[in-house]
Amino acid sequence: MVRFLILALLASLGFATVVAAAFGSAGWWVLAAAVLLVLGLGVHDVLQTRHAILRNFPVLGHLRYLLESIRPEIQQYFIERNYDGRPFDRDTRSLVYARAKGADSHKAFGTERDVNELGYEYLLHSTVPVAPPSSPHRVRIGGPDCARPYDASLLNISSMSFGSLSKNAVLAMNKGAALGGFLQETGEGGLTRHHLEHGADLFWEIGSGYFGCRDDAGRFDPESFAAKAAHPNVKGITIKLSQGAKPGLGGVLPAAKVTEEIAEARGVPQGVDCVSPASHSAFRTPRELMVFVRTLRELSGGKPIGYKFCVGSRTDVLAMCKAMMETGVTPDYIIVDGSEGGTGAAPLEYEDHVGTPLTEGLMLVHNALVGCGLRERIKLGAAGKVATGSDIVKRLIQGADFTMSARAMMMATGCIQAQKCHTNECPVGVATQDARLMRALDVEDKGNRVHNYHKLTVREAEQIMASLGVADPGRLNQRMLRRRVDHLTTRSYASLYHWLRPGELLMDPPRGWRLDWEESDADHFGEHADTPWLEPTASEAAALERQRSVFAEASGKGWRRPDGARRRGRSVVVILAEPRRTEPGAGPGGPATPRIAGDAVRPEGRP
Ligand SMILES: Cc1cc2nc3c(=O)[nH]c(=O)nc-3n(C[C@H](O)[C@H](O)[C@H](O)COP(=O)(O)O)c2cc1C
Ligand code: SF4
């Protein structure tokens, strides 16, 4: 009904303006033409079948699409408060922009945050703060087998490929990193001439596509790897296992984006989809991963070799530790990426629901390495919404030695969080291959901004540490960071989590770690590859059999429990059976582990 009213109204208007034009001035013809055009649009809307809203509400329905298209801008400019924008709130973005410009980043009148809300975290200052160090702290990356260790900054540019970033963005970051003496990680798209332009220190990232070091079949090619790794600007090599925003998922750079330049840099054909498989072909097991680390170390002439991943199951992390101990090969560094991490493009389900957040992932890897006595040999990096000085300090307290930032560096390069990176239409030229849009990004200016942002943020982190009373990050401890856990209680990270003692897993794994520790295997990834606790022991099988016969006896009239009580209807049978493994403090055979017949129950002690 409404649609006919709209069309009738437009038709009447059209008729009236045509009549007015026939008798009045020429200007009426313009109005008549406009009304007739809108009428034509209305007729088209009613006849088309793709959009129900346009069929029912011709012409007016377009308003919805218009408002939808400017929703992010309305949200960002008019609705978002200073502290609740996502992924980065307005306060954080403004801080990055101000620091990048070298402008005043102070704020007047006190915090806008609710310091009483659950999850609120704060750092504990000292009554006797110390002076910040005169020169920025550097972190030595390079274990005992590394011939050419590298001293890294506390904050570096996290992996972002040329391809997902524009040429000018890569160049600006490269310039900023060169000026500030910090690392730029290349991203899995590989090492390109843009990464070498200004002479920044680089960590070359190798993903499952082995871009820049692959043979025609897409497998790892030692020769081309060795040639590239020899470049003096390449200070280390990162094997990418997974990425927080889309762990367990490969990637595709669509054919349209595979320009001649990108094809050349990646060693793939131009104009064909460029695929990164979900897993590596050079290794399948933790042990093989360590062998690969050793191979890369040899091929690179002893440069630091590390890997980056978003934590999945704890058994996988422990399996890596076992592989390190059994092979005697340790990576020089591990970068933990949180599930809150960014990407050029990923399915929403992955961004929102797959992978371990940085806090949990980082502490897990740190603890696993400590528990195996390996922590001294390996430096830990953390990536996941690190943008401010306090972010850096918090991550150091949670176990990191250094941090990596992707999106804050993009913001320093001009990103306005329009979140269109996957469309090739980035309005500021940061994440696009469109030369027209990219031209707006001035490499000189933005390079200086990246440099400023890094310098002032690291300085702030060191100032905060000085306020906590420590001049060296190594003296930070988990009591310095507290978290509100309910409305009356805050707890320090020291008490919130179980921090392992050096070698504890080797000597006496604590109850909460024991099952995963025993299950983990240097020759397998995959927590659920083998789940022996789901299969009943002989005594459990006998108990199950007895239980089944009770069911059979009761046959629908209600059933008799083994203790003699009667119940009506169907229910789940809980059998108290002997556990498979002896737990500490338990009597012979350990405490009974609850099992539900025909279903899987996680034994107590597994997180
Ligand atoms: C545009 C973009 C491209 C990225 N490309 C890669 C990549 O090639 N390899 C990788 O390991 N991580 C990649 N990442 C993830 C980042 O390196 C980083 O680990 C993650 O975004 C967390 O850091 P952030 O919160 O500071 O952005 C990318 C992130 C963004 C935003
Ligand atoms: S401005 Fe938008 S499209 Fe461009 S890099 Fe930033 S988030 Fe991506």
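Attention here is on the structure that accompanies the text. Because the structure is predicted, anything quoted here is derived from the model rather than measured. (Residues numbered from 1 in each chain as written. Chains lettered and ligands numbered in written order. Predicted model: local features only at pLDDT ≥ 70, side-chain atom pairs only at ≥ 80, totals over all residues.)

### A look at the overall build of the protein
Which entries qualify depends on this criterion: Every helix listed is a DSSP run of H or I at least four residues long, and every strand listed is a run of E at least two residues long, numbered separately from the N terminus. Working definition of burial: number of other C-beta atoms within 10 Å of the residue's own, with buried at 20 or more, exposed at 12 or fewer, and partly exposed in between, all C-beta atoms being placed from the backbone. Throughout, a pair of residues is in contact if the C-beta atoms placed from their backbones lie within 7 Å.
For the protein, the helix and strand inventory stands at 22 helices and 19 strands. Across the 607 residues in the protein, those meeting the buried criterion constitute 41%. Within the protein, contacts between residues at least 6 apart in sequence are counted, and of these 67% link residues at least 24 apart.

### Overview of the pairing of strand S7 (residues 234–240)
Our working definition: A pair of strands is labelled paired if DSSP reports no fewer than 2 bridges between them. Look down the strands so they point away from you; if going from the first strand over the helix to the second traces a clockwise path, that crossover is right-handed.
Here S7 lies mainly inside the structure; 6 of its 7 residues are buried. In the sheet, strand S6 (residues 201–206) pairs with S7 via 5 bridges, with the strands oriented parallel. Looking across to S7, one finds that Glu205 is bridged to Thr238. Regarding topology, helix H9 (residues 222–229) serves as the crossover connection from S6 to the parallel S7, and that connection is right-handed. Here S7 runs beside strand S10 (residues 305–309); their pairing, made up of 4 bridges, is parallel. Across the sheet, Thr238 pairs through a bridge with Gly306, a residue of S10.

### A short note on the packing of helix H6 (residues 90–101) against helix H18 (residues 443–467)
Convention followed: Only the contacting stretch of a helix is used when fitting its axis, a line to C-alpha atoms as for every element, and angles between N-to-C directions run 0 to 180 degrees. Roughly parallel means an angle under 35 degrees; roughly antiparallel means over 145; roughly perpendicular covers 65 to 115; every other angle is labelled oblique.
It is the contact of H6 with H18, at a shortest axis distance of 6 Å, that shows an interaxial angle of 110 degrees. By the angle between their axes, H6 is roughly perpendicular relative to H18. On H18, the residues touching Val96, Arg99, Ala100 and Lys101 of H6 are Arg449, Asn452, Tyr453, Leu456 and Thr457.

### Quick notes on the environment of Gly342
Checked against the element boundaries, Gly342 lands in the loop between strand S11 (333–337) and helix H13 (348–353). Residue classification places Gly342 among the buried positions, given that 24 C-beta atoms sit within 10 Å. For the pair Gly342 and Gly384, spaced 42 residues apart in the sequence, the C-alpha separation amounts to 7.6 Å. Not counting the four nearest positions on each side in its chain, Gly342 is found in contact with Pro87, Ala245, Ala406 and Arg407.

### Some points on the site of ligand 2
To keep things clear, this is the line we draw: All residues are tested the same way: a C-beta atom is placed from the backbone, and lying within 6 Å of a molecule or strand makes the residue near it. In the scheme used here, Gly and all other residues not listed as nonpolar or charged are polar, with Ala, Val, Leu, Ile, Met, Phe, Trp, Tyr, Cys and Pro taken as nonpolar and Asp, Glu, Lys and Arg as charged.
Surrounding ligand 2, one finds 13 residues, the nearest of these being Cys415, Ala418, Cys421, Cys426 and Ala431. The residue inventory of the shell around ligand 2, partitioned by class, reads 10 nonpolar, 2 polar and 1 charged.

### Let's talk about the packing of helix H11 (residues 286–299) against helix H12 (residues 314–327)
Condition: Two helices that cross are described as forming a left-handed crossing if the nearer one is turned anticlockwise from the farther one by less than a right angle, and a right-handed crossing if clockwise.
Where H11 meets H12, the closest approach of the two axes is 8 Å, and the angle between their N-to-C directions is 55 degrees. By the angle class used here, H11 and H12 are oblique. Pair H11 / H12 crosses with right-handed handedness. Mapping the contact onto sequence places Pro286, Arg287, Leu289, Met290 and Val291 in H11 and Ala319, Met320, Lys322, Ala323, Met324, Glu326 and Thr327 in H12. Here the residues of the contact of H11 with H12 sort into 8 nonpolar, 1 polar and 3 charged.

### Details of the nonpolar core
Note the threshold: Structurally, a nonpolar core is described as a collection of buried Ala, Val, Leu, Ile, Met, Phe, Trp, Tyr and Cys residues joined by way of C-beta atoms within 7 Å.
Within the largest apolar cluster, 117 residues are counted, with the highest numbers of intra-cluster contacts made by Cys321, Val336, Val365 and Val430. Look past the residues within four positions of Val336 in its chain and what remains in contact with it is Val311, Leu358, Gly361, Leu362, Val365, Leu380 and Ala382.

### Quick look at the pairing of strand S12 (residues 379–383)
Among the 5 residues that make up S12, 5 are buried, leaving the element largely enclosed by the rest of the structure. The alternating pattern of S12 places Lys379, Gly381 and Ala383 and Leu380 and Ala382 on opposite faces, both of which are buried. For S11 and S12, the ladder comprises 5 bridges, and the chain directions are parallel. Looking across to S12, one finds that Asp337 is bridged to Ala383. By the bridge criterion, 3 bridges tie S12 to strand S13 (residues 402–405) in an arrangement that is parallel. Bridged to Ala382 within S13 is Thr403. Regarding the hand of the β-α-β motif, the stretch spanning S12, helix H15 (residues 389–397) and S13 is right-handed.

### So, the site of ligand 1
Taken together, 28 residues sit near ligand 1, with Ser158, Gly187, Gly341, Gly342 and Ala406 positioned nearest. The residue makeup of the shell around ligand 1, split by class, is 7 nonpolar, 14 polar and 7 charged.

### Considering helix H21 (residues 511–519)
Along H21, the residues that are buried comprise Trp513, Leu515, Asp516, Trp517 and Glu519. Elements in contact with the buried residues of H21: H12 and helix H20 (504–507).

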